[in-house]
Amino acid sequence: MTSPAIPSSQTSTPLTTEAAMLHGARDIRLEELPLRALRADDVLVEIRSGGICGSDMHYFADGRNGINVLQQPTVLGHEAAGVVVAAGSECGITPGTPVAIEPAVPCRNCPACESGRYNVCPTGICFGSPPTHGLFARHVVVPETTLHVLPNNVPPEIGAAIEPLAVAVWAVERADVRAGHRVLITGAGPIGLLVAQVAAARGAAEIIVTDINDDRLAVAARLGATRVINTAREDLDVSGLDRLIECSANTAALVSGIKTLGPAARATVVGQARPSVDGIPLAYLQRNEIDLVTAFRYANAFPAAIELARSGKVDLRAIITGSFPLTDVASALVAPIQDPAHLKVLLSF
Ligand SMILES: [Zn+2]
Ligand SMILES: [Zn+2]
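Within any chain, residue numbers begin from 1 and follow the written order of that chain's sequence. Lettering for chains starts from A, numbering for ligands starts from 1, and both go in the order in which the items are written. With pLDDT at 70 or above as the cut-off, local features in this predicted model cover only qualifying residues; side-chain atom pairs require 80 or more to be listed or tallied, and sums for whole chains, interfaces and linings still use all residues.

Undergrad: Tell me what's going on with helix H3 (residues 162-175), and back it up with residues and numbers.
TA: The secondary structure listing takes helices from DSSP runs of H or I that are at least 4 residues long and strands from runs of E that are at least 2 residues long, numbered from the N terminus. To estimate the expected span of a helix, subtract one from its residue number and multiply by 1.5 Å. Helix length check: H3 (14 residues) gives 20 Å between terminal C-alpha atoms against 20 Å at 1.5 Å per residue, within 8%. The exposure scheme places C-beta atoms from the backbone and then counts, for each residue, the other C-beta atoms within 10 Å of its own, assigning buried at 20 or more, exposed at 12 or fewer, and partly exposed in between. Here H3 lies mainly inside the structure; 12 of its 14 residues are buried. All of the buried residues in H3 are Ile162, Glu163, Pro164, Leu165, Ala166, Val167, Ala168, Val169, Trp170, Ala171, Val172 and Ala175. Looking at the residues trailing H3, positive phi occurs at Asp176, about 55°.

Undergrad: For the packing of helix H1 (residues 54-62) against helix H9 (residues 329-338), give the residues involved together with the corresponding values.
TA: Whenever a helix is involved, its axis is fitted only over the stretch in contact; in every case the axis is a line through C-alpha atoms, and angles between N-to-C directions fall within 0 to 180 degrees. Where H1 meets H9, the closest approach of the two axes is 9 Å, and the angle between their N-to-C directions is 105°. Regarding the angle of H1 to H9, the classification is roughly perpendicular. Residues Asp56, Met57 and Phe60 of H1 touch H9, and the partners they reach there are Leu333, Pro336 and Ile337. Put simply, angles under 35 degrees are roughly parallel, angles over 145 are roughly antiparallel, angles from 65 to 115 are roughly perpendicular, and the rest are oblique. We call two residues in contact if the C-beta atoms placed from their backbones are at most 7 Å apart.

Undergrad: Which residues make up the sheet that holds strand E6 (residues 74-75), and what values go with them?
TA: Strands qualify as paired when DSSP identifies two bridges or more between them. Strand order across the open sheet formed by 3 strands is E2-E1-E6, with antiparallel pairing between neighbours. Each edge of the open sheet carries a strand with a single partner, namely strand E2 (27-34) and E6. Sheet analysis places strand E1 (residues 16-24) next to E2, joined by 8 bridges and oriented antiparallel. Note on E2: the bridge partner recorded for Ala19 is Glu31.

Undergrad: So, the domain arrangement of the protein: which residues are in play, and what are the values?
TA: Throughout, the edges of the domains are those of an automatic or database domain assignment. We note that the domain assignment places domain 1 (16-158 + 316-348) and domain 2 (174-294) within the protein. Computed over C-alpha atoms, the centres of domain 1 and domain 2 are 28 Å apart. The interface is formed by 7 residues belonging to domain 1 together with 10 residues belonging to domain 2. Asp, Glu, Lys and Arg are counted as charged, while Ala, Val, Leu, Ile, Met, Phe, Trp, Tyr, Cys and Pro are counted as nonpolar; the rest, among them Gly, fall into the polar class. Among the residues making up the side of domain 1 that touches domain 2, the classes are represented as 5 nonpolar, 1 polar and 1 charged.

Undergrad: Please set out the confidence of the model for the protein residue by residue, giving values where relevant.
TA: pLDDT expresses how confident the predictor is about each individual residue, on a scale running from 0 to 100. Scored by pLDDT, the protein has a mean of 95; 97% of the residues are at 70 or more. Long-range and interchain partners of residues 1-11, a stretch whose pLDDT sits below 50, account for 8 contacts in this model, where long-range means more than four residues apart.

Undergrad: Go over the pairing of strand E20 (residues 344-348), please, and point to the residues and values.
TA: A regular strand places its side chains so that they alternate between the two faces of the sheet. Taking burial as the measure, the 5 residues of E20 include 4 buried ones, the bulk of the element. Pairing between strand E3 (residues 42-52) and E20: 4 bridges, direction antiparallel. Its bridge partner lying in E20, Gly51 is registered against Leu346. As judged from the 5 bridges shared by strand E19 (residues 320-325) and E20, these two strands associate in the parallel manner. Each bridged residue has a counterpart across the sheet, and for Gly322 the counterpart in E20 is Val345. Orient the strands so they point away from the viewer; a crossover is then right-handed if the path from the first strand over the helix to the second runs clockwise. Handedness of the crossover joining E19 and E20 through H9: right-handed.

Undergrad: Go over the packing of H3 against helix H4 (residues 190-201) with me, naming the residues and quoting the values.
TA: Running from amino to carboxyl end, H3 crosses H4 at an angle of 55°, the nearest separation of the two axes being 8 Å. Considering the angle they form, H3 stands oblique to H4. H3 and H4 meet at a crossing whose hand is right-handed. From H3, Pro164, Leu165, Val167, Ala168, Val169, Ala171 and Val172 reach across to H4, where they touch Pro190, Ile191, Leu194, Val195, Val198 and Ala199. Residues belonging to the contact of H3 with H4 are distributed by class as follows: 13 nonpolar, no polar and no charged. Working rule for handedness: look at the near helix, and if it is turned counterclockwise from the far one by less than a right angle, call the crossing left-handed; if clockwise, right-handed.

Undergrad: If you had to explain unusual backbone geometry to someone new, which residues and values would you point to?
TA: Glycine aside, the phi torsion of most residues is negative, and most peptide linkages are trans. Omega for the bond connecting Pro130 with Pro131 falls within 30 degrees of zero, at 10°, which places this linkage in the cis form. Of note, Pro131 is situated in the loop between strand E10 (125-126) and strand E11 (139-143). A positive phi is found at Asp176, a non-glycine position, where the angle reads about 55°. Tracing the chain through its elements places Asp176 in the loop between H3 and strand E13 (182-186). Using a count of 14 C-beta atoms within 10 Å as the deciding quantity, one classes Asp176 as partly exposed.

In structure tokens:
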């Protein structure tokens, strides 16, 4: 006899959970928080991995990330994966299913959402983007629509890295990388290294990666970069490229990268932009009809990200350089600053 479906009203689920609450700069505390009751379309997920992102590090170090300022205590974390524990009455997913969580929740009604560009929904929220609580908690209750099922060979213990891979998938989509393209990727952090792998999967003929850290460039070379350049000591002696994908958040890299592009090329800004930037060679862009585009999070990119990880075309483990228990979240949030050789640092639960 098969076991009965678990009723949505079952109460063996926890009522509270331990979460990493940021109170201010350098002040993060593990606290027991109430879990909201499951609505019909909600799922309770036991978190198994969380990814530390640059934005998390900024909120922890400064109490702000760019123009977003922490106004009230907020649970951090937008990169996470886990296992379904219970599901509301209208959900199709079953307990035991491993899932990655897509943290952005758009309104689904505005022109941006209706056009498919839900990542730029003006009223959407994102878990872990204050004041919306994030995913660095032992359990979370989230709408079923935020979940993406993980394949067997991408366990939830590393599934948090699907979120930055979705960023890379969307960046390459916005960059419109095509087979045979010569592509420059500036910045060999986790996003740049994932972008390099996605660009290779899309058939780019040449993948040139720049950074100022030799350890990171060595990883890029292992992951398929056809050439790596340490711009701290080498000239960027390339020209006529088809695509620039800027992943370093460094203005000088953007400006020098644009100058490597040929006619009808495209530059895509992925690294967090400064409020305004002097020195963009606008006349050069115009004379060559080079498109300057931007990428913000992702839209409909999780399925492609999961498939790239499942097929082995993207090696997630190659960018994971450390793991800290939730109880040591403060150490995880400074690890990449203390050791620049770190790439993606995960939390374990
Ligand atoms: Zn992130
Ligand atoms: Zn919307």
